Amino acid sequence: MDIRTVAVMGAGHGGYAAAADLTRRGFEIRLHARREAALQPIRDNGGIDARGVFDGRHMPALLTTDVAEAAAGADLVMLVVPSVAHAWYAERLAGVLEEGVPVFLDPGHTGGGLHFRAEMRRAGHDAPLETCETVTLTFISRIEAPASVGIYSYTRSLMFAALPGGATARLHEAVAPLFPEIRPASSVLETGFANINAVFHPPGMLLNAGWIESTGGDFLFYREGVTDAVGRVTAGIDAERLAVARALEVPATPFLEIFRNAGLTTREAMESGSISRACRESAPNATLRSPPSLDHRYVHEDVGYGLVPFAAFGRLAGVPTPTIDAHVALLSAATGIDYAGEGLTLERMGIAGLDAAALHRLVQEG
């Protein structure tokens, strides 16, 4: 499978970075956004200005708010959007996705591929469907100004898996020329349980809520916000994540090893066992400021589509998750959003009623 034309769905931090980088390297990119306001600055500027790991202005072949136009004739449809947008794209792609064209969720976070597949079926898409996913974005990037993106690093050693799992080797071979840092994983369960954004963003947001609201996020989220106490709470969430994965017989790696392998901290910090030190010594995250409020994907996505499915898998496996459950409850109270009810439940992933053996068969066979 030779991928030359890519529909990049989403004009946020990751979508800007992917569109600029892949255009720079000679791929034909169709960049989709749900609102014209997200695309107009690129039109006015004559392209996306990138700085960091490379510099320059790069104009995608197409800018559009029409999902069908972006997907028509594409070799790969790439969703570079928060997990909360997967259902919206599934509903619109169900009628236009050409048979045999894979959908790449960048990222899939936890259960993203299962959720997207279930939503496509609910929307009436009954043709064969292959998806693939990474657990986090392929770039560490931020939109710094209209039509300008800072790309601070490529995410290294990024786990990648397909649904069904039998397609992983073939889709990895096809997608690796676009993103050479991806590495095949055993299944989308392994990638899903490597979702470290759900491990450290929610405690960082919850335990810094007063600071966030009083300053509008005027502090360095990782360097200043992840103190020793926040790091210890994060370690508690991580321990529960690992316990659930073990019970389901899913390979899982501790937070600090994932963080180091992704190129996000020093070896010395990893070996110290301190999550707060690892965040302080994270060069790619060094200048990233806090979100200005709790109305942010660090809560909506990383709780509803990270901690909620971790807890759901825990119930499936019979493993308690008290620290995770406390974060879901407290952040629901803080925001007024019922994450346990509205987040990524077993029902929304299309796996309610399955036991562990049936779950493994589903992710391998589709």
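Residues numbered from 1 in each chain as written. Predicted model: local features only at pLDDT ≥ 70, side-chain atom pairs only at ≥ 80, totals over all residues. Heavy atoms only, no water.

## Topic: the overall build of the protein
Argument step 1. When helices and strands are tallied, the protein shows 17 helices and 12 strands.
Argument step 2. Here the C-alpha atoms of the protein give a radius of gyration of 19 Å, agreeing with the 21 Å that 2.2 N^0.38 yields for 366 residues.
Argument step 3. Reported as C-alpha extents along the three principal axes, the dimensions of the protein are approximately 50 × 45 × 40 Å.
Argument step 4. Looking at the 366 residues of the protein, the share that counts as buried comes to 57%.
Argument step 5. When contacts within the protein are restricted to residue pairs at least 6 apart in sequence, those whose partners lie at least 24 apart make up 72%.
Argument step 6. Within the protein, the 42 negative side-chain charges are centred at a point lying 4 Å from the centre of the 30 positive side-chain charges. (Helix = DSSP H or I, 4+ residues; strand = E, 2+ residues; numbered from the N terminus. Rg over C-alpha atoms; globule rule 2.2 N^0.38 Å. Buried < 20%, exposed > 50% of the residue type's maximum accessible area, 1.4 Å probe, protein only. Contact = heavy atoms within 4.5 Å. Lys, Arg positive; Asp, Glu negative; His and termini not counted. Charge placed at Lys NZ, Arg CZ, Asp CG, Glu CD.)

## A closer look at the sheet that holds strand β3 (residues 48–52)
Either a parallel or an antiparallel arrangement is found when strands of a sheet pair, and the pairing is made through backbone hydrogen bonds.
Argument step 1. The sheet built from four strands is open, its strands ordered β4-β3-β10-β9 with mixed pairing. Unpaired on one side and paired on the other, β4 (56–58) and β9 (139–145) mark the two borders of the sheet. Geometrically, the sheet is characterised by an average inter-axis angle of 30° between neighbouring strands, direction not taken into account.
Argument step 2. Note: β9 against strand β10 (residues 148–154), six bridges, orientation antiparallel. When the sheet's bridge partners are listed, I140 is paired in β10 with S153.
Argument step 3. Relative to β9, helix α1 (residues 13–24) is tilted by about 105°, and along the sheet it contacts β3, β4, β9 and β10. (Pairing = 2+ DSSP bridges. Axes fitted to C-alpha atoms, helices over the stretch in contact; angles between N-to-C directions.)

## A word on the pattern of salt bridges
Side-chain pairing between opposite charges can occur once the charged atoms of the two side chains come close.
Argument step 1. Tallied over the full model, the rule gives 15 salt bridges.
Argument step 2. Between E144 and R51 there is a salt bridge whose closest N-O contact spans 2.7 Å. Taken together, the residues span a long stretch of sequence, with E144 in strand β9 and R51 in strand β3 at a distance of 93 residues.
Argument step 3. Classification of E144 by relative accessible area gives partly exposed; the value is 35%.
Argument step 4. R51 gets classed as partly exposed once you look at its relative accessible area, which sits at 42%.
Argument step 5. Two residues, R267 and E271, come together in a salt bridge whose shortest N-O distance is 4.0 Å. Linking R267 with E271, this pair stays in helix α12 (residues 267–272), spanning four residues, or about one helical turn.
Argument step 6. Exposure remark for R267: the relative accessible area of 43% places this residue in the partly exposed category.
Argument step 7. Each of the salt bridges in this network shares a partner with another, and the network as a whole consists of D21, R24 and R25. (Salt bridge = Lys/Arg side-chain N within 4 Å of Asp/Glu carboxyl O.)

## A closer look at the sheet that holds strand β5 (residues 62–64)
Argument step 1. Pairing within the open sheet is mixed, and its eight strands lie in the order β5-β2-β1-β6-β7-β8-β11-β12. Looking at which strands have only one partner, the edges of the open sheet turn out to be β5 and β12 (182–184). If you compare each strand with its neighbour and ignore which way they point, the axes differ by 25° on average.
Argument step 2. In this sheet, strand β11 (residues 158–163) lies alongside strand β8 (residues 131–134) in antiparallel orientation, the contact comprising four bridges. Within β11, the position partnered with E133 by the bridge is A161.

## Here we look at the packing of helix α14 (residues 297–317) against helix α15 (residues 322–335)
Argument step 1. Across the interface, α14 lies against α15 with an axial gap of 10 Å and an inter-helix angle of 145°. At the point where α14 passes α15, the crossing takes the left-handed sense. In contact with V299, V303, L307, V308, F310 and A311 of α14, α15 contributes I324, D325, H327, V328, L331 and T335.
Argument step 2. Residues that form the contact of α14 with α15 fall into these classes: nine nonpolar, two polar and one charged. (Left-handed = near helix turned anticlockwise from the far one by under 90°. Nonpolar A, V, L, I, M, F, W, Y, C, P; charged D, E, K, R; others polar.)

## Looking at the nonpolar core
Argument step 1. Ranked by internal contacts, the top residues of the largest apolar core, which has 63 residues, are F193, F255, F259, L307 and F313.
Argument step 2. If one sorts the elements of this core by residue count, α14 sits on top with 10 residues.
Argument step 3. The contacts of F255, once residues within four sequence positions are left out, are I196, V199, F200, D238, R241 and I275.
Argument step 4. By size, the runner-up hydrophobic cluster in this structure holds 41 residues, among which are F54, L63, C132 and V175. (Core = buried A, V, L, I, M, F, W, Y, C linked by side-chain atoms within 4.5 Å.)

## Comments concerning the packing of aromatic side chains
Argument step 1. Applying the stated criterion to the full structure yields 14 aromatic pairs.
Argument step 2. With a centroid separation of 5.5 Å and 40° between ring planes, the pair formed by F200 and Y222 is classed as tilted. In this pair, F200 is assigned in helix α8 (residues 197–207) and Y222 in the loop between α9 (209–215) and α10 (228–247), connecting sequence segments 22 residues apart. In this structure, F200 and Y222 share a single accessibility class: buried.
Argument step 3. Ring geometry for F255 against F259: centres 5.2 Å apart, planes inclined by 25°, an arrangement best described as stacked. With F255 and F259 both in helix α11 (residues 255–261) and four residues apart, the pair spans about one turn of that helix. (Phe/Tyr/Trp six-rings, centres within 6.5 Å; stacked < 30°, edge-to-face > 60°.)

## What about the side chain of E119?
Argument step 1. Mapping E119 onto the fold places it in helix α5 (residues 112–122).
Argument step 2. Classification of E119 as buried rests on a relative accessible area of 16%.
Argument step 3. At 3.1 Å, the side chain of E119 and the side chain of R122 are in polar contact.
Argument step 4. Setting aside chain neighbours within four positions, we find E119 in contact with A87, A90 and R348. (Polar contact = N/O pair within 3.5 Å; in protein donor to acceptor, adjacent residues only side chain to side chain.)

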